[in-house]
Every structure is written in C-alpha cells, then in structure tokens.
Amino acid sequence: MTTAADRRMPASVRMRRALTNGRVTAVLIMLPPALILFTFFVMLPLGESAWFSFFNWNGYGAPSNFVGLENYDRILNHSVFHIAVGNTVKIVVISLIVQMPLAMLLALLIYKKTPTNAVFRLIFFLPYILAEVAAGLIWSFVFDGNYGVTASIAGGLGMGNVFILSDPDWAFAAIMTVIVWKYFGFHMMIYIAALQSVPQDQIEAARIEGARRLQVIRYVQIPAIKPAIVVSAFFAIIGALQVFDVIIPLTNGGPSNQTHTIVTYLYTFGLTRLNIGFGSAVGVILFVGAVTVALFYQRIFMKRAQG
Amino acid sequence: MAEVRLESISKSFGGLTVLPDLDLTVPEGSFTVLVGPSGCGKSTLLRIISGLEMPTAGTVRIGGQDVTFDEPSKRGISMVFQSYALYPHMTVAQNIDFGLRLAKVPAAERQTRVAEAARILALTDYLDRKPSQLSGGQRQRVAIGRSIVRQPKVFLFDEPLSNLDAALRTQMRVELAQLHQSLDATMIYVTHDQVEAMTLADQIVVMNAGRIEQVGAPMDLYDRPQTAFVAGFIGSPKMNLLPGTAIGRDDVATMGIRPEHIAVSDDTGYWPATAQVVETLGADTVVHAHVAGTGDVTVRLPGDRRLRAGETLFLTPERRHLHLFDADGHRMQDPA
Ligand SMILES: Nc1ncnc2c1ncn2[C@@H]1O[C@H](COP(=O)(O)OP(=O)(O)OP(=O)(O)O)[C@@H](O)[C@H]1O
Ligand SMILES: [Mg+2]
C-alpha cells in the first residue's frame, strides 16, 4: 500500500525504498507465472476467437474464408439471438426481484447459529452443490407431462396433461424456476455470512429504541450488509449471462428456440452446427457485454458500497 | 426519573444459574454502580432491567410499575453499550434521533432535541459525520446522546468507558457526573474500574458469583466492608487479608488492613518484614513486603519516603483500622 507519506518522498528515495523492502523482488518473482498463465489461457484464446469471428469457418483446417463483419451482422439480425438476449435479461430481472429477496428472507430466518438452522442451511444449499446437468435432469422429471409432479398437480386440478417444457409460453418460466431453485442458496449463504457479522449490540440497541423486528431488518441489518447485497447482485448478473448447463437437459433451447440464452445460442448455432466463426463472434459479443456490465457495475455500485 | 426495584430475580441459561436469587433497590435519581469480578452477572442483571433478557423468575419494577414482561422500548429506559453500538451507515444526527424517527416524533421537535443533546455533549460540529469518522470518545458521546434524546427515566450503562484510553476515560467520567447532575435521572452503571465506581456512585453494589455482597455508599464500603470479598475488592491497592493469627487472634478467620493503614518504622514494630518490591508512584510509594511466618503485606507510604528492595522494615497495623471476618467471610464486631 502506498501511504501519503510515501508519496511525499522524493522519487529517488521512493525507488530505493521499493527496491530494498522486498516489494519489487516479490513482484518480479510472483508476477511472471500469473502473467504467463493469463496470457496463454485467457488472452490468447480470446484473441484467437476474435480472429476466428471474421471468418466463415467450420473448425477444420486453417480459417481462410474471410467474411469481415458478416458473422456479427447475421447475429445481430437473428431473431433467435434477440430471444436469447431477452431471456438473459429476464433471468437477470428474476434473479434480482425474486431470487435475491427469497434468499434474503431465508437468510434472515436461519442466520443465527443454532443446530436446527444449520440443518436448514444445508438443505437450502444443496441445489447449489448439485451439478447443473443433474439439476436439469431432476427437474425434467418433475415437469414431465405424463409422470411428473406437475402432471399430478395438473391432473388433480382437472387440467389434463400439461407439457410445460414443450409449451413455448411456459417453458422459460419453468427454466427460471429451476434457476432460482438452483442458485438462491448461493446468495442466501452470502447474506447469512454478512448477517452473522452484524454486531448483536446494534440490533439490541435498535430494540431498545423501539424498533420492531421488521424495522430492525430494514434500518439496521439490511443497510449493514449492503456491500454483500451489491456483490451478490453482481454474481447474479454475471451468472445470468452464463446460464447454459441447466437448459440443455430441460429444453435444449426449444420449443421453437424460445428458451435460448446467449450461451446456449452460441453452443447451438456455433458449435453443434460447426459454425466456429459464427460461434466465436457470439463469444466476442458475450465477452464485451460481460466486461461492460462488470465495469459499469463496479463504477456505480461497488465504489458507493465501500464509501 | 424513577426507582428501579428488583424482587427475587433469578436467571439461568440452560443449566447454568447465573443469578440465584437477587433483590435490589435503586433509589430514584441515584447513580448506582454495579461492580464485581468478570462473569459475576453484572451485564446479565443490567440486561434484565433493560428487558433484553427475561428473568427466569422474579419481578422488575420501574417507577413502581411491574415491567417484567414489557418490551425494552416500553420501559422508559435507555442503554449505552460498551461497543457503543452505533449504526455505521447513519450520520451522527441520524444515530441520535433514530428512536425518535421510529416513534414518529415531528421533525421540528426531533431537531430541537438532537440540537440540545449535541450541545450538552459538544457534538454540534459532528452531526453530519459517520461514526467511522469519529474518535472513540466522540463515538461514546453519540451513544450517550442517543440515550439522552429519548428522555428515559432510567439510564443503563454497561462498561461505557472501557474502550477509551486513560485520559479520555477521566474526562468522560467527569462529563458523566455532570450529566447525572443536570439530568437528574436514575443511572445504573456497570464497571470494572474502581475509580469510576468510587467517584461516580452514590450507591455501589458489589456482586460476586451472581449474589450481592454489599450495597452502600462508596465510603461505607471502604470503611466498613461487610464481607472479606468486599474488603478485598474495594480499594486500590488491595486491602491486605491475612489469617487472624497474624495479629494473634485465633477466633478471627481473616483479618484485613489497608495498605494505607500500616505504620512503618526502621527499628521497631509489630511485624518485622523485608521489602521485596518498591513501586515509586510519585505521590505514593507502594511497598510489597514479606513478613516471615505470616505472608505478603502491601504498604502504602508517602511519596517522599525512599526505600530499597531488600531493606528490613517494621510494620504496625493501626488497630482502629483493622477489619475482622469470621470463617464465613462475614464482618465481625468492630475492634474496640
Ligand atoms: N446468553 C448466554 N448464554 C449462556 N450463558 C450466558 C449468557 N450470557 C451470559 N452468560 C453467562 O453468565 C455469566 C455472567 O455473565 P455476565 O455477562 O453477566 O457477566 P459480567 O459480570 O457482565 O462479566 P464481565 O465483567 O466480564 O462483563 C457468565 O458465566 C456467562 O458465561
Ligand atoms: Mg459484562
């Protein structure tokens, strides 16, 4: 850390300090491995896919059919891509207005350290631990129109057979249910950890001041864990941009391409159809989108949360 | 301003009984200080008065009313915590008027009350700051300000000064005493600090293992401790507690003599002793000496008296200042 005192020193002194206090050595030793790994596994693939995105290329041999921005043009005018982006936005919205409040509610109910709460915490966290594909499979059984739980419920209500996952209007709602179910535990854990670190004294002081339970939550606990909420919302947004594994076993993007997200779109139209150049272009768009969101989010919320 | 009366209060946490059976009256307008060793139940008692903790049995009365089952906010009390318990996301002003806002007190009145509290506590210039931008003493004042604006009948303090350095503690001690005078409210104050207890209190309650050992004015406890525990607890340096045989009394289990009540001579006296450690404090010199066959004795001498470790002394306890206790630790009839 550079302190104010450091900055006031002449450059030569600062240099000598830096050289002798071991910081420079540490940087010289520890930076190269990280830099090399980052270059090979992040920068190069990114650069490559940016390069591929200008070709019409099926992945075999060297890309030679240079098409300029045509891939981007096709993507941006593709109605399925619009659906995919819309679905991704829906996931963000549902995460923010359903999943996070649900996670907060449960966290408030079970954040105190008791044996019963520990059991509930584990139960609520289980979906998150489960592999995405397994979760997708489990829920595809639940939603099965002939044998699933929803079939029994629909039958009980006398609605006949309902095939939610093949209903273009409802399939994505079902998927969002699964996503909420799968990831709320993660946000809940963030809130639990944060709530546990709010000093008990503050809550008791509020009780003495006449705050009721809900007022304690609203005026003391939630403001105190605001940084955790900001971080959890960030994960929710970035996570929504990456939803993939849950969808494949449930609907595989169907019916009639209604349930694609950006990543399943990339996978379906880029990889499975051997349009590597096209897929790369989707990847680049996703990457730019994610970086933009991350930068803006950090600028706007994370700074303020710290202050 | 109100009297606080605890009747047959007991408190257990699971199987652990912290307060077996306790009666205490805190007179209206008094400054009552609870002292006692760590873990003796002082905080628990204060929390029972505040309503943050329910007694297992017994009755809490404030101003004559039974408030045992009332919510903390309905008892007319306020509490200042050792950690201050300020809300980090609110400004000083918001911290102070939080309770008033909850109670929907009109903005104009809130402002008047906050301004008044800020004036009393010299916080006027800091009202727009966040707690993180304040010093420890200022934070403590904010916590007190939060208490004042609620105009409680009873103020409760749980070791409010123990996170402050010595100089600030002295200053805040004086301010608390002034506050008590100007507000004329009942105050109950928990502390570890002898000096705080002696200077602030008009009534000290000495607790030990969940029981009250003695209740009285500071000088009462100092002059006539009713038990050996109180004798050893009140006063600094500690009273010397020796077996009765040290003064030739087989009927006395424990005799006590304060370090300031022992005469020292170079050539004659009751106990021949060897100085082992000499602490020169300026105004006083405290000598830890060993009396062969009796034990260690602490003596307090005027600061101009110079001594060196290893010197031989003759110590004579002043007879009229002896405290005698029986085998149960209770005070015996005063020596004539
Ligand atoms: N919520 C609780 N659950 C179980 N035991 C408790 C609880 N609160 C306090 N105790 C126990 O009650 C006893 C008295 O605690 P208390 O906090 O009243 O002591 P204290 O006199 O305030 O001590 P200190 O001077 O260290 O603050 C201790 O043995 C403590 O472990
Ligand atoms: Mg305590």
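Position labels on residues start from 1 in each chain and follow its written sequence. Written order determines the labels here, with chains lettered from A and ligands numbered from 1. A pLDDT threshold of at least 70 governs which residues receive local features in this predicted model, and a stricter bar of 80 or more applies before side-chain atom pairs are shown or counted, although totals over entire chains, interfaces and linings include all residues. Each side-chain value is worked out from all heavy atoms of the structure, with water and hydrogens disregarded.

Asker: How do you make sense of the pairing of strand S8 (residues 186-190) of chain B when you look at a structure like this?
Answerer: Two faces belong to every sheet, and in a regular strand the side chains alternate between them. Residues and elements named next belong to chain B. Across the 5 residues that make up S8, a large majority, 5, are buried. Where burial is concerned, the two faces of S8 agree: the one with Thr186, Ile188 and Val190 and the one with Met187 and Tyr189 are both buried. Here strand S3 (residues 31-35) pairs with S8 via 4 bridges, running parallel. Its bridge partner being in S8, phenylalanine 31 is matched across the sheet by methionine 187. Strand pairing is assigned whenever DSSP detects at least two bridges linking the two strands. Think of it this way: any DSSP run of H or I at least four residues long counts as a helix, any run of E at least two long counts as a strand, and we number them from the N terminus. Where strand S7 (residues 154-158) and S8 come together, 5 bridges link them in parallel fashion. From the neighbouring strand, aspartate 158 faces S8, where its bridge partner is valine 190. Handedness rule for crossovers: strands pointing away from the viewer, path from the first strand over the helix to the second running clockwise, crossover right-handed. On the question of chirality, the crossover connecting S7 to the parallel S8 by way of helix H6 (residues 166-183) is right-handed. Only protein chains enter the area calculation, which uses a 1.4 Å probe; residues under 20% of their type maximum are buried, those over 50% are exposed, and those in between are partly exposed.

Asker: What is the right way to look at the sheet that holds strand S5 (residues 65-66) of chain B in this model?
Answerer: Sheet strands pair via backbone hydrogen bonds, and the direction of the pair is either parallel or antiparallel. Residue and element names in this part refer to chain B. Taken in spatial order, the 4 strands of this open sheet run S2-S1-S4-S5, and their pairing is antiparallel. In the strand order of this sheet, the two ends are held by strand S2 (16-26) and S5, each with one partner. Pairing between strand S1 (residues 4-13) and S2: 7 bridges, direction antiparallel. The residue bridging lysine 11 from the neighbouring strand is leucine 19, located in S2. Throughout, a contact is declared for two residues whenever any of their heavy atoms are within 4.5 Å. Each axis is a line fitted through C-alpha atoms, and for a helix only the stretch in contact is used; angles between axes span 0 to 180 degrees, taken between their N-to-C directions. Helix H1 (residues 42-50) contacts S1, S2 and strand S4 (57-62) of the sheet and is inclined by roughly 120° relative to S1.

Asker: In this structure, what is going on with the side chain of Arg121(A)? I would like to understand it.
Answerer: Residue and element names in this part refer to chain A. Here arginine 121 is to be found in helix H6 (residues 115-129). Counted as positive: Lys and Arg. Counted as negative: Asp and Glu. His and the chain ends are not counted at all. Put simply, a salt bridge is a Lys or Arg side-chain nitrogen that is within 4 Å of an Asp or Glu carboxyl oxygen. Buried and without a salt bridge, arginine 121 has glutamate 204 as its closest oppositely charged side chain, separated by 17 Å. Polar contact is the term for a pair of N or O atoms within 3.5 Å; when the atoms are in protein, one must be able to donate a hydrogen and the other to accept it, and sequence-neighboring residues count only if both atoms are side-chain atoms. Here the side chain of arginine 121 touches lysine 112 through a polar contact of 2.9 Å, landing on its backbone oxygen. Residues within four places of arginine 121 in sequence aside, it is in contact with Ile110, Tyr111, Lys112, Lys113, Thr114, Met188, Met189, Ile192 and Gln196.

Asker: What am I meant to see in the interface of chain B and chain A here?
Answerer: A common way to report how large an interface is uses the accessible area buried once the components associate. Across the contact, 23 residues belong to chain B and 15 residues belong to chain A. If you sort the residues of chain B by the area they bury against chain A, Tyr87(B), His89(B) and Leu102(B) come out on top, with a joint share of 30%. At the boundary of chain B and chain A, one finds 1 salt bridge. At the level of elements, H1, strand S6 (77-80) and helix H3 (98-102) of chain B are the ones that each hand at least two residues to the side of chain B that touches chain A. Think of it as three bins: nonpolar holds Ala, Val, Leu, Ile, Met, Phe, Trp, Tyr, Cys and Pro, charged holds Asp, Glu, Lys and Arg, and polar takes everything else, Gly as well. Split by residue class, the side of chain B that touches chain A holds 12 nonpolar, 7 polar and 4 charged. Here's the idea: put two parts together, see how much 1.4 Å probe accessible area each one loses, and the total over both is what we call buried area.

Asker: Can you help me understand the packing of aromatic side chains in this one?
Answerer: Each aromatic ring pair is characterised by the separation of its centres together with the angle its planes make. Working definition: rings of Phe, Tyr and Trp (its six-membered ring) pair if their centres are within 6.5 Å, and the pair is stacked with planes under 30 degrees apart, edge-to-face with planes over 60 apart, and tilted otherwise. Summed over the entire model, instances satisfying the criterion amount to 27 aromatic pairs over all chains. Taken together, a centroid distance of 6.3 Å and an interplanar angle of 35° make the contact between Phe54(A) and Phe66(A) tilted. With Phe54(A) in the loop between helix H3 (23-52) and helix H4 (70-76) and Phe66(A) in the loop between H3 and H4, this pair connects stretches of sequence that are 12 residues apart. On the basis of relative accessibility, which here comes to 25%, the residue Phe54(A) falls in the partly exposed class. Of the aromatic side chains, those joined through ring pairs into one cluster are Phe125(A), Tyr128(A), Tyr183(A), Phe186(A), Phe234(A), Phe235(A), Tyr297(A) and Phe301(A). Stacked on the ring of Tyr87(B), the Lys or Arg Arg146(B) has its end atom at 5.1 Å from the ring centre. Here the basic side chain of Arg258(B) rests over the ring of Tyr222(B), its NZ or CZ set 4.1 Å away from the ring centre. Sitting over a ring, as applied to charges here, requires NZ of Lys or CZ of Arg to be within 6 Å of the ring centre and within 35 degrees of the ring normal.

Asker: Looking at this model, I keep getting lost on the pattern of salt bridges. Mind explaining?
Answerer: Opposite charge on two side chains makes pairing possible when the charged atoms of those side chains draw close. Summed over the entire model, instances satisfying the criterion amount to 14 salt bridges over all chains. Taking the shortest distance from any N to any O, the salt bridge between Arg110(B) and Asp97(B) comes out at 3.3 Å. Linking Arg110(B) in helix H4 (residues 107-120) with Asp97(B) in the loop between helix H2 (92-96) and H3, this pair joins segments that are 13 residues apart in sequence. The closest approach of N and O atoms between Arg300(B) and Asp284(B), which form a salt bridge, is 3.1 Å. Taken together, the residues Arg300(B) in strand S16 (residues 295-302) and Asp284(B) in strand S15 (residues 284-291) connect sequence positions 16 residues apart. Salt bridges linked by common partners bring Glu204(A), Arg47(B) and Glu53(B) together as one network.

Asker: Is there a simple way to explain the site of ligand 1 in this structure?
Answerer: Residues and elements named next belong to chain B. Ligand 1 sits among Phe13, Val18, Ser38, Gly39, Cys40, Gly41, Lys42, Ser43, Thr44, Glu159 and His192. Note that an oxygen atom of ligand 1 is positioned 2.8 Å from one of the backbone N or O atoms of glycine 39. Interatomic distance of 3.4 Å between a side-chain N/O atom of glutamate 159 and an oxygen atom of ligand 1. The element best represented in the shell around ligand 1 is H1, accounting for 3 residues. Proximity is defined per residue: any heavy atom of the residue falling within 4 Å of a molecule or strand makes that residue near it.

Asker: Is there a simple way to explain the UniProt feature "domain: ABC transporter" (unreviewed entry) in chain B in this structure?
Answerer: UniProt positions are given in the numbering used here, feature names are shortened, and annotations may be inferred rather than shown by experiment. Residues annotated by UniProt as "domain: ABC transporter" (unreviewed entry) correspond here to residues 4-234 of chain B. Each end of residues 4-234 of chain B is marked by a C-alpha atom, and these two atoms are 24 Å apart; helix forms 36% of the span and strand 26%.

Asker: How should I be thinking about the nonpolar core in this particular structure?
Answerer: Side chains of nonpolar character tend, in soluble globular proteins, to be buried together. The definition of a nonpolar core used throughout is a set of buried Ala, Val, Leu, Ile, Met, Phe, Trp, Tyr and Cys residues joined through side-chain atoms within 4.5 Å. Within the largest apolar cluster, 102 residues are counted, with the highest numbers of intra-cluster contacts made by Phe143(A), Tyr191(A), Ile225(A), Tyr265(A) and Ile188(B). Examining the composition of this core, we find that 13 residues originate from one element, helix H9 (residues 171-196) of chain A, more than from any other.

Asker: Teacher, can you tell me more about unusual backbone geometry here?
Answerer: Leaving glycine aside, a negative phi is the common case for residues, and trans is the common case for peptide bonds. The amide bond that connects Ser236(B) to the next residue, Pro237(B), takes the cis arrangement and shows omega of 0°. Looking at the secondary structure, you find Pro237(B) in the loop between helix H9 (228-233) and strand S11 (240-243). Look at Leu274(A): it is not a glycine, yet its phi comes out positive at around 55°. Positionally, Leu274(A) belongs in the loop between helix H14 (262-271) and helix H15 (276-306). Judged by its relative accessible area of 39%, Leu274(A) falls in the partly exposed class. Positive phi is not limited to glycine here, since Ala209(B) has a value of about 50°. Checked against the element boundaries, Ala209(B) lands in the loop between strand S9 (203-208) and strand S10 (211-216).

Asker: Before we go on, may I ask you to explain the UniProt feature "domain: ABC transmembrane type-1" (unreviewed entry) in chain A in this structure?
Answerer: Mapped onto this numbering, the UniProt entry gives "domain: ABC transmembrane type-1" (unreviewed entry) at residues 85-297 of chain A. Between the C-alpha atoms that bound residues 85-297 of chain A the distance is 19 Å, and the span itself is 75% helix and 0% strand.

Asker: Looking at this model, I keep getting lost on the sheet that holds strand S18 (residues 323-325) of chain B. Mind explaining?
Answerer: All names here are of chain B. Spatially, the 3 strands line up as an open sheet ordered S11-S12-S18, and their pairing is antiparallel. If you trace the sheet from one side to the other, it starts and ends with S11 and S18, each paired once. The average undirected angle you get between the axes of adjacent strands in this sheet is 25°. The sheet contact formed by strand S12 (residues 254-257) and S18 spans 3 bridges and is antiparallel. Note that in S18 the partner of glycine 256 across the bridge is histidine 323.

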